[in-house]
Amino acid sequence: MSKPLRSEPSVAALQVHAIPTFSDNYVWLLQRGSRAVLVDPGEAPPVQRALDQRGLQLEMILVTHHHGDHVGGIAQLVGGRTIPVPGPQAEAAKIPTLTRLLNDGDVVDLLGTQAEVIAVPGHTLGHIAFHFPAEKLLFCGDTLFSGGCGRLFEGTPAQMLASLSRLAALPEDTAVYCAHEYTQSNLAFARAVEGGNRELADYRARVDACRSAGEPSLPSRIGTERAINPFLRTAQAGIRDAVVAHAGEKLNDQTAIFAALRAWKDGFRPAATP
Ligand code: ZN
Ligand code: FE
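The structure presented is a predicted model; accordingly, all values stated were derived computationally and were not measured.

Draft legend 1. Representation of the environment of isoleucine 118 within the structure. For isoleucine 118, the location among the structural elements is in strand β8 (residues 113-119). With 24 residues separating them along the chain, isoleucine 118 and aspartate 142 place their C-alpha atoms 13 Å apart.

In structure tokens, the structure reads:
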């Protein structure tokens, strides 16, 4: 009689945890077994605590762009060890902690899987996103937020529109991990732009319940964002009409619509709701 075959030890699943930092940032912690990779650690203490509490070995730090709330904790977390820190080549001069310089289309091997680099200029000129096609995960920094998008500090509206279009074209069940908890204020603006959007109303109720329970609103999904995020919907007639009415002038193309929508959001203060 032969012994029953013992199954191979299964590879631990890839998990993603949110580490809240500052007032509204998330550092994303990717975990496989006892191995960990961080995305955009803007400060070290809460991140180090999360690693210690879970007993994890830090293997790599991914960087999306040069802003201090995304890179400020790197040096302390690395602590003089040889931990790879891949990040955008175009911002290397502003991020001295980088050890590998990435461009669009590059692939990073980590935690037994692969992340593809997508260049998403707009918020900053060298901003990159990390897409995990096998696991359907997207870490998009300050480019795409749930219900919104990053401010245009360095890039043009045309660049940001093109960047968001690339992200929107990913599979609809891709989980979207943004770097800030801005969802509720973004959805207040989205409702002002597109009040008749039923999916937006439903999503808003789910997000409010989530936040009331003290949970992150993230990750979102690409399919959800296509349905509710006005910055991914500037080709829709309803959005166009609302933006033109707000701007009070004729807008000739989708880039002009997008630019006017972004400017509208920049000056938007939600009215107090009963
Ligand atoms: Zn930023
Ligand atoms: Fe940020």
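Having seen the structure, we can now continue with the description.
Draft legend 2. A look at unusual backbone geometry. Geometrically, the link from leucine 218 to proline 219 is a cis peptide bond, its omega value of 0 degrees lying close to zero. Residue placement: proline 219 occurs in the loop between α6 (198-212) and β14 (220-221). One non-glycine residue, phenylalanine 22, lies in positive phi territory at about 45 degrees. With respect to the element layout, phenylalanine 22 can be found in the loop between β1 (14-21) and β2 (25-32). Judged by relative accessible area, which is 46%, phenylalanine 22 ranks as partly exposed. Within the chain, lysine 136 stands out as a residue other than glycine whose phi angle is a positive 55 degrees. Take lysine 136: it is sitting in the loop between β9 (128-132) and β10 (137-141). Residue classification places lysine 136 among the partly exposed residues on the basis of a relative accessible area of 32%.

Draft legend 3. Molecular detail of the pattern of salt bridges. Per the counting criterion, the structure on display carries eight salt bridges. Measuring nitrogen to oxygen at the nearest pair gives 3.0 Å for the salt bridge that ties lysine 136 to aspartate 173. With lysine 136 in the loop between β9 and β10 and aspartate 173 in the loop between α4 (157-168) and β13 (175-178), the pair connects residues that are 37 residues apart, well separated along the chain. Between glutamate 181 and arginine 211 there is a salt bridge whose closest N-O contact spans 3.8 Å. Separated by 30 residues along the polypeptide, glutamate 181 in the loop between β13 and α5 (183-193) and arginine 211 in helix α6 bring together distant segments of the chain. Residues joined by salt bridges that share partners form a network here, namely Arg151, Arg262 and Asp266.

Draft legend 4. Representation of the sheet that holds strand β4 (residues 57-62) within the structure. If you trace the four strands from one edge of the open sheet to the other, you get β1-β2-β3-β4, paired in mixed fashion. Here the strands that pair on one side only, and so sit at the sheet edges, are β1 and β4. Between one strand axis and the next, the sheet turns by 25 degrees as a mean value, whatever way the strands run. Across eight bridges, the pairing between β1 and β2 is antiparallel. Directly across from histidine 17, in β2, lies its bridge partner leucine 29. Where helix α1 (residues 45-54) meets the sheet, its contacts fall on β1, β2, β3 (35-39) and β4, and the angle it forms with β1 comes to roughly 140 degrees.

Draft legend 5. Quick look at the coordination of the zinc ion (ligand 1). Only His65 (NE2), His67 (ND1), His123 (NE2) and Asp142 (OD) from the protein reach the zinc ion (ligand 1) as donors, at distances of 2.2 to 2.3 Å. Coordination at the zinc ion (ligand 1) comes from four donor atoms whose angles at the metal span 86 to 172 degrees, giving a geometry best classed as irregular. We note that the donor set of the zinc ion (ligand 1) lies within a single chain, spaced as H-x1-H-x55-H-x18-D. The distance between the zinc ion (ligand 1) and the iron ion (ligand 2) comes to 3.2 Å, with aspartate 142 serving as a donor to both metals. Of this pair, histidine 67 sits in the loop between β4 and α2 (68-71) while aspartate 142 sits in the loop between β10 and β11 (144-145), placing them 75 residues apart in sequence. By relative accessible area, which is 4% here, aspartate 142 ends up buried.

What counts, and where the lines are drawn
- Residues numbered from 1 in each chain as written.
- Chains lettered and ligands numbered in written order.
- Predicted model: local features only at pLDDT ≥ 70, side-chain atom pairs only at ≥ 80, totals over all residues.
- Heavy atoms only, no water.
- Helix = DSSP H or I, 4+ residues; strand = E, 2+ residues; numbered from the N terminus.
- Buried < 20%, exposed > 50% of the residue type's maximum accessible area, 1.4 Å probe, protein only.
- Salt bridge = Lys/Arg side-chain N within 4 Å of Asp/Glu carboxyl O.
- Pairing = 2+ DSSP bridges.
- Axes fitted to C-alpha atoms, helices over the stretch in contact; angles between N-to-C directions.
- Contact = heavy atoms within 4.5 Å.
- Donors = N, O, S within 2.8 Å, 3.2 Å for Na, K, Ca; no water.
- Tetrahedral: all angles 85-135°; square planar, octahedral: opposite > 155°, others 65-115°.

These figures come from the coordinates and say nothing about function on their own.
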